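Fold and contact review
Chain residues, written in single-letter form:
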2 protein chains.
Amino acid sequence: MESNLSSRGARIAAYRGVHRTGFDMYIKDPFNKENNPQGILNFGNSENKLCYDILEERIQLEYCLSKASDSLAFRGVVARGSSRGSPRDHGEEERMNSTGPAQATSKLSRAQANCLTPELLQYSDLQGLRGFREETADFLTEYCRAPTPLNPEHIVVLNGCTSALAALTTVLMEPGDGYLIPSPYYGGIATYTWLYGEVNPVPVPLDSKISRGKGYPLMLAVDKLEDAMSEATKKGIRVRGLILTNPHNPLGVVYPAEVLMDCLEFAHRYKLHVIVDEIYMLSVYDGKAFTSIHSFESLPDPERTHVLWGFSKDFALAGLRVGTVHTRNQEVRRALIRLASFHSCAGPTQQLLTHLLQDRDWINTTFLPSNRRRLLESRAILVKGLQDIGVSVLKSSAGFFVWADLRSFLKEQSFEAEMDLWWRLIHEKVFISPGQVFSSCEPGWFRVVFSDTVENIKIGVDRIKKALGAPAIIAEKYVHHHAS
Amino acid sequence: MESNLSSRGARIAAYRGVHRTGFDMYIKDPFNKENNPQGILNFGNSENKLCYDILEERIQLEYCLSKASDSLAFRGVVARGSSRGSPRDHGEEERMNSTGPAQATSKLSRAQANCLTPELLQYSDLQGLRGFREETADFLTEYCRAPTPLNPEHIVVLNGCTSALAALTTVLMEPGDGYLIPSPYYGGIATYTWLYGEVNPVPVPLDSKISRGKGYPLMLAVDKLEDAMSEATKKGIRVRGLILTNPHNPLGVVYPAEVLMDCLEFAHRYKLHVIVDEIYMLSVYDGKAFTSIHSFESLPDPERTHVLWGFSKDFALAGLRVGTVHTRNQEVRRALIRLASFHSCAGPTQQLLTHLLQDRDWINTTFLPSNRRRLLESRAILVKGLQDIGVSVLKSSAGFFVWADLRSFLKEQSFEAEMDLWWRLIHEKVFISPGQVFSSCEPGWFRVVFSDTVENIKIGVDRIKKALGAPAIIAEKYVHHHAS
């Protein structure tokens with residue numbers, strides 16, 4: 001049949017990825033304790049399912065404030081600049097006691113609370129609402145420990161860091177260009193940059209052996225960047241950038257400050273753009289120090305340094321689709337703002353998040369400590385469960401996942417065997433992502449997401465155990481089922 | 001200075017349009033009766049500012065339902081399938097009496113009302129939430145008078161029709177390809193398809209004289225499509241599609257059924273994709289019959305026919321960024337769903353709109369009649385005001401704007417003189433769009449948006465009057481001011 005699509009349309013339509021296949025199967029048959037207990041457990045998508053109660057309470061409150069009579073006082077949004085302690089001051093202590101109207105310390109006027117001012121329902125500043133950018137700048141300045149306040153004019157708001165990565169690589173790189181990225185890396189990045197902008201990753205392989213006598217397993221070092229750079233040049237690939245995810249996905253580790261600075265200096269030598277995705281910056285759960293790019297006194301190449309952060313991970317709100325780009329490069333911002341028509345996010349959503357960011361009291365004493373405590377707990381349950389069935393994991397400090405070593409469960413040390421194991425897992429109704437999705441250089445590693453209830457994790461571990469002992473299965477029947 | 005951007009990034013960053021310039025100036029200095037009465041009045045953006053009160057009440061109610069105690073009954077969302085009269089049954093009568101809790105006829109369970117089920121806060125079906133697609137299909141079936149129910153699987157949800165047009169043209173056309181579009185046409189279309197996908201409009205000029213002895217001024221006919229097609233072919237442009245906006249923007253007219261069918265058959269002969277943007281389908285205010293593509297018993301080429309509709313215009317909710325594509329072409333849908341990662345809209349927003357669409361009682365007895373009555377009223381005030389200062393307008397039946405004839409106010413019949421007049425209008429703090437933004441073939445036409453309060457329209461008319469009598473001004477000072 002004659003194709004109706006353009007060549008790029010056909011390329012986009014034909015794209016299939018393992019992760020997407022798993023997610024599509026999950027969407028059709030999602031696990032639900034009450035309604036679908038035999039459905040697929042999703043330990044594949046990096047989403048935080050641990051804080052719905054806290055979020056629902058806070059967000060419903062937000063939306064309902066403007067309906068409330070003025071005589072009602074609500075749990076207060078702390079006024080700008082006042083009573084803002086560092087989030088670290090509160091440690092891991094959790095204060096779960098709901099502070100209802102009776103305990104309120106401040107009142108919210110209708111004007112502050114109303115999420116539905118007319119402007120929000122109509123076209124607005126494509127860079128992002130000014131108030132939202134101001135609040136984001138203020139928030140990042142504090143939580144990233146920036147030596148000087150971030151400028152709200154340097155921030156562009158888009159509908160998620162997915163879009164931000166796609167738009168950024170498009171305006172920075174030509175079709176066919178490449179960017180360095182330490183591997184394993186979050187596979188979505190390659191998809192987003194290729195589907196949209198036709199640019200490609202140039203993996204910088206990290207392996208599980210400790211490199212040249214220093215550091216820790218899977219650590220990045222500049223010599224590895226140099227090797228990958230010269231390798232790419234030999235192949236005729238023009239490398240235009242370096243993408244770092246810090247905290248790392250899927251490894252769950254944070255980059256030491258000196259490694260980050262080494263990378264920035266390396267990039268400066270080669271005139272590479274650096275995109276640092278800090279989307280997990282508040283999801284550090286074992287007390288490890290996180291170093292933001294914003295914390296450096298000066299940058300080797302500020303015009304080529306671009307930092308992403310969003311609400312999907314740290315605020316467990318992936319469904320709201322909000323990401324931000326911070327860049328001092330005016331031309332890059334100008335191009336991003338032009339593209340923002342295609343990646344815009346709703347006015348009321350930006351307003352809601354403005355209020356959430358303003359509420360430092362809620363962030364510091366309720367959300368963050370609860371979230372960290374629950375992440376730690378769920379992680380411990382998963383790690384213990386996996387250990388009990390003979391699976392060890394890399395020591396992680398951040399994120400919603402562990403990098404699990406299932407090498408000894410492969411029939412042979414190959415990526416085909418890894419896929420066979422993946423199909424066995426899906427057959428047992430547990431969706432996790434195989435290392436090849438992350439361009440792992442060693443077969444047999446899997447990323448297992450743990451930010452789920454303890455109950456679900458236990459069910460998942462049982463299913464993983466069953467899958468590990470199961471014989472090879474014929475994947476085709478699933479592929480057909482899926483395609484039909 | 002060495003450019004840091006890719007060539008496409010530089011192309012995107014360098015883009016300037018008159019409409020964008022006006023909007024950017026407006027965003028920096030928006031008119032506000034209380035706070036900024038000397039600010040710019042925005043009669044340039046096609047947004048409906050007439051229904052904030054109705055929308056705010058309805059949406060706040062939605063968000064607050066889940067906080068309400070079960071003992072409270074609210075104005076009900078009519079259950080699926082019951083009590084759904086045709087919207088035309090209600091005529092233009094307005095029922096503005098608020099039906100508060102005391103007058104409620106049905107109760108909403110927490111499960112129905114809750115906008116914050118956990119799924120909505122996390123990654124969801126990229127095609128659009130199933131429930132939202134079902135409700136949209138149901139809604140379009142009814143309001144477009146489709147002979148058979150639309151299939152929710154044929155719908156893809158994106159963050160606005162802007163994104164939908166951009167994504168559609170990308171997957172249907174190669175860079176450099178063209179699409180036919182009757183001109184004048186909404187200039188944003190050219191921007192969106194070019195910025196994103198590098199495809200270009202091939203204008204099909206309509207002029208204000210009645211074509212070949214039949215029809216009405218600025219009417220489309222197949223001979224004009226044929227002329228433009230052969231002209232483009234001579235120039236070596238490969239034409240891959242036809243884009244129609246119905247009701248028309250900026251003319252505010254609706255296409256007769258037979259003209260639409262002629263166009264579809266023309267496109268079928270040339271194997272062109274047809275994209276029909278029906279985003280103003282419910283904003284028809286003078287009783288004129290609107291014909292949706294969905295109403296045809298059969299289509300000449302269903303695999304190449306794609307229909308857009310969204311919430312920005314008909315529900316006056318441009319700030320929510322929600323558009324839908326209906327296409328029976330599976331490959332096109334597949335490609336759109338892949339691109340949807342970049343054009344996704346928030347789960348809670350989809351949920352909110354699902355409830356809005358379900359509430360046929362509110363749509364038919366409150367929203368639509370009030371909206372039509374207010375549009376008619378504002379239009380009458382503007383048309384009268386313009387007539388009083390010697391400006392006539394094309395007779396329109398739909399949309400938020402009139403196509404105003406300012407030809408006699410130009411120093412000379414040229415597009416330079418049109419721009420001079422535009423600068424004089426901006427100088428008097430009123431932003432409307434000159435015909436060149438819409439690729440008008442005659443200088444001196446302007447699109448004036450009237451969907452604003454009567455009070456603002458009167459201020460705007462005074463400012464327009466002042467601008468029309470003013471001498472030429474030096475535009476550069478504004479350009480510099482704007483660029484600084």
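Values in this document were obtained by computation on a predicted structure and should not be read as measured data.

Of the regular secondary structure elements, chain A holds 16 helices and 13 strands. Taken over 484 residues, chain A has a buried fraction of 64%. Restricting the contact set of chain A to residue pairs at least 6 apart, pairs at least 24 apart contribute 76%.

Attention now moves to the pattern of salt bridges. Residues and elements named next belong to chain B. Applying the stated criterion across every chain yields a total of 52 salt bridges over all chains. Of the charged contacts in the structure, one is a salt bridge between Lys33 and Glu455, with a shortest N-O distance of 3.5 Å. With Lys33 in the loop between helix H2 (18–28) and strand E1 (41–42) and Glu455 in helix H15 (residues 454–469), the pair connects residues that are 422 residues apart, well separated along the chain. A salt bridge links Asp138 to Arg360, with the shortest nitrogen-to-oxygen separation between them at 3.6 Å. Residue Asp138 is located in helix H6 (residues 130–143), and its partner Arg360 is located in helix H13 (residues 360–388); the two are separated by 222 residues in the primary sequence.

As a further point, take the interface of chain B and chain A. Interface size is commonly expressed as the accessible area that is lost once the parts come together. In this assembly, 84 residues from chain B lie in contact with 84 residues from chain A. When chain B packs against chain A, the two sides together hide about 7200 Å² of surface, and 54% of this comes from carbon and sulfur. Of all residues in chain B, the largest losses of buried area upon contact with chain A belong to Tyr123, Arg338 and Phe342 of chain B, amounting jointly to 12% of the total for that side. Our count for the contact surface shared by chain B and chain A stands at zero salt bridges. Here chain B is connected to chain A by 44 residue pairs in polar contact (both at pLDDT 80 or more). Those elements giving two or more residues to the side of chain B that touches chain A turn out to be helix H1 (7–14), H2, helix H3 (52–65), helix H5 (118–121), helix H7 (161–172), helix H8 (187–197), helix H11 (330–339) and helix H12 (347–358) of chain B.

Our focus in this paragraph is the sheet that holds strand E13 (residues 445–449) of chain A. Residues and elements named next belong to chain A. Read across the open sheet, the four strands follow the order E9-E10-E13-E12; overall the sheet is antiparallel. The open sheet has two edge strands, strand E9 (392–393) and strand E12 (433–434), and neither has a second partner. For E12 and E13, the ladder comprises two bridges, and the chain directions are antiparallel. The partner of Ser433 across the bridge, within E13, is Arg447. Helix-sheet contacts for helix H13 (residues 360–388) involve E9, strand E10 (401–405) and E13, and the interaxial angle to E10 is about 10°.

Glancing now at the domain arrangement of chain A. All names here are of chain A. Each assigned domain of chain A is listed here: domain 1 (7–46 + 363–469) and domain 2 (124–358). Each of domain 1 and domain 2 has a C-alpha centre, and these two points are 24 Å apart. Inspection of the region where domain 1 meets domain 2 yields two salt bridges. Of the charged contacts, one joins Arg11 and Glu198 as a salt bridge, the two residues approaching to 3.4 Å between their closest N and O atoms. Our count for the contact surface shared by domain 1 and domain 2 stands at 20 residue pairs in polar contact (both at pLDDT 80 or more). Counting only elements with at least two residues in the side of domain 1 that touches domain 2, the list comes to helix H1 (7–14), H13, E10 and E13.

Let's shift gears to the relation of the copies chain B and chain A. Of the transformation superimposing chain B on chain A, the axial component is 0.0 Å and the angular component is 180°, with the fit at an RMSD of 0.0 Å. Here the copies are linked by what is in effect a two-fold axis. Interface residue correspondence from chain B to chain A reaches 100%, placing this contact among same-surface, isologous pairings.

This part is about the packing of helix H6 (residues 130–143) of chain A against helix H12 (residues 347–358) of chain A. Residue and element names in this part refer to chain A. Relative to each other, H6 and H12 sit at 30°, their axes nearing to 9 Å. As summarised for this structure, H6 and H12 are arranged roughly parallel, according to the angle between their axes. Considering the relative orientation of H6 and H12, their crossing is left-handed. Note on element contacts: H12 touches H6 through Gln350, Leu353, Thr354, Leu357 and Gln358, opposite Gly131, Phe132, Glu135, Thr136 and Phe139. For the contact of H6 with H12, the class distribution of residues is four nonpolar, five polar and one charged.

As a further point, take the sheet that holds strand E8 (residues 323–327) of chain A. Working definition: the strands of a sheet are paired by backbone hydrogen bonds and lie parallel or antiparallel to each other. Residue and element names in this part refer to chain A. Ordered by their spatial adjacency, seven strands build an open sheet running E2-E8-E7-E6-E5-E3-E4, and the pairing between neighbours is mixed. A strand with exactly one partner marks an edge of an open sheet, and here the two such strands are strand E2 (155–158) and strand E4 (200–205). The mean angle between the axes of side-by-side strands here comes to 25°, regardless of whether they run parallel or antiparallel. Strands strand E3 (178–183), E4 and strand E5 (239–245) of the sheet are contacted by helix H9 (residues 222–234), whose axis makes an angle of about 135° with E4. Running over the sheet, helix H11 (residues 330–339) touches E2, strand E7 (305–310) and E8 and is turned about 25° from E2.

All right, on to the environment of Pro175 of chain A then. Its place among the elements puts Pro175 of chain A in the loop between helix H7 (161–172) and E3. Judged by its relative accessible area of 45%, Pro175 of chain A is partly exposed. Here the alpha-carbon distance between Pro175 of chain A and Tyr196 of chain A, two residues 21 residues apart in the chain, equals 9.7 Å. Contacts of Pro175 of chain A, omitting those with residues within four sequence positions, involve Gly197 and Glu198 of chain A together with Arg8 of chain B.

Below, the discussion takes up unusual backbone geometry. Residues and elements named next belong to chain A. For the peptide bond that leads from Ser183 to Pro184, omega is 10°, which places it in the cis range. In this structure, Pro184 sits in the loop between E3 and helix H8 (188–197). Put simply, Asn249 and Pro250 share a cis peptide bond, and its omega is 15°. With respect to the element layout, Pro250 can be found in the loop between E5 and helix H10 (257–269). The backbone of Lys271 sits at a positive phi, close to 55°, despite the residue not being glycine. Its place among the elements puts Lys271 in the loop between H10 and strand E6 (273–277). With a phi angle near 65°, Lys429 is a residue other than glycine that sits in the positive phi range.

Further remarks concern helix H2 (residues 18–28) of chain A. Counting buried positions along H2 of chain A gives eight out of 11 residues, so the element sits mostly inside the fold. Taken residue by residue, H2 of chain A has His19, Arg20, Thr21, Gly22, Phe23, Asp24, Met25 and Tyr26 of chain A as its buried positions.

Tracing the backbone through its elements, the reader meets Ser298 of chain A in the loop between E6 and E7. Residue classification places Ser298 of chain A among the exposed residues on the basis of a relative accessible area of 52%.

A few words on the pairing of E2 of chain A. Residues and elements named next belong to chain A. What you see with E2 is no split at all: Ile155 and Val157 on one side and Val156 and Leu158 on the other are buried throughout. Relative to E8, E2 is paired through four bridges, and the arrangement is antiparallel. If you follow Val156 over to E8, its bridge partner there is Val325.

As a further point, take the packing of helix H14 (residues 415–427) of chain A against helix H15 (residues 454–469) of chain A. Two measures define how a pair of helices packs: the angle their axes make with one another and the distance between the axes. Residues and elements named next belong to chain A. With their axes 8 Å apart at the nearest point, H14 and H15 run at an angle of 130° to one another. Relative to H15, the element H14 lies oblique. Read as a crossing pair, H14 and H15 show a hand that is right-handed. Taken together, the residues of H15 that come into contact with H14 (itself represented by Leu421, Arg424 and Leu425) are Ile464, Ala467 and Leu468.

To continue, consider the side chain of Thr191 of chain A. Residue and element names in this part refer to chain A. The topology assignment puts Thr191 in helix H8. With a relative accessible area of 15%, Thr191 lands in the buried category. Separated by 2.9 Å, the side chains of Thr191 and Tyr15 make a polar contact.

Turning next to the packing of aromatic side chains. What the rule picks out here adds up to 43 aromatic pairs over all chains. A centroid spacing of 6.0 Å and a plane angle of 85° characterise the contact between Tyr192 of chain A and Phe342 of chain B, whose relative ring orientation is edge-to-face. Separated into two different chains, Tyr192 of chain A in helix H8 and Phe342 of chain B in the loop between H11 and H12 make up a pair that spans both. The exposure classification of Tyr192 of chain A matches that of Phe342 of chain B, with both residues buried. An aromatic cluster is defined as three or more aromatic residues linked by ring pairs; in this entry it consists of Phe132, Phe139, Tyr143, Trp309, Phe311, Phe315, Trp362 and Phe367 of chain A. Here Arg58 of chain A stacks its cationic end above the ring of Trp362 of chain A, 5.8 Å away from the centre of that ring. Geometry around Trp194 of chain B places Arg11 of chain B over its ring, the cationic atom sitting 4.8 Å from the centre.

Residues and elements named next belong to chain A. Over its 12 residues, H12 runs 17 Å from end to end, which matches the ideal 16 Å to within 8%, given 1.5 Å per residue. Burial analysis of H12 places 12 of its 12 residues in the buried class, which makes it a mostly covered element. Considered for burial, the residues of H12 that qualify are Gly347, Pro348, Thr349, Gln350, Gln351, Leu352, Leu353, Thr354, His355, Leu356, Leu357 and Gln358.

Basis of the calculations
- Residues numbered from 1 in each chain as written.
- Chains lettered and ligands numbered in written order.
- Predicted model: local features only at pLDDT ≥ 70, side-chain atom pairs only at ≥ 80, totals over all residues.
- Heavy atoms only, no water.
- Helix = DSSP H or I, 4+ residues; strand = E, 2+ residues; numbered from the N terminus.
- Buried < 20%, exposed > 50% of the residue type's maximum accessible area, 1.4 Å probe, protein only.
- Contact = heavy atoms within 4.5 Å.
- Salt bridge = Lys/Arg side-chain N within 4 Å of Asp/Glu carboxyl O.
- Buried area = accessible area lost by both parts, 1.4 Å probe.
- Polar contact = N/O pair within 3.5 Å; in protein donor to acceptor, adjacent residues only side chain to side chain.
- Pairing = 2+ DSSP bridges.
- Axes fitted to C-alpha atoms, helices over the stretch in contact; angles between N-to-C directions.
- Domains from an automatic or database assignment.
- Least-squares fit on C-alpha atoms with pLDDT ≥ 70 in both.
- Parallel < 35°, antiparallel > 145°, perpendicular 65-115°, else oblique.
- Left-handed = near helix turned anticlockwise from the far one by under 90°.
- Nonpolar A, V, L, I, M, F, W, Y, C, P; charged D, E, K, R; others polar.
- Phe/Tyr/Trp six-rings, centres within 6.5 Å; stacked < 30°, edge-to-face > 60°.
- Lys NZ or Arg CZ within 6 Å of the ring centre and 35° of its normal.
- Expected span 1.5 Å × (residues − 1).

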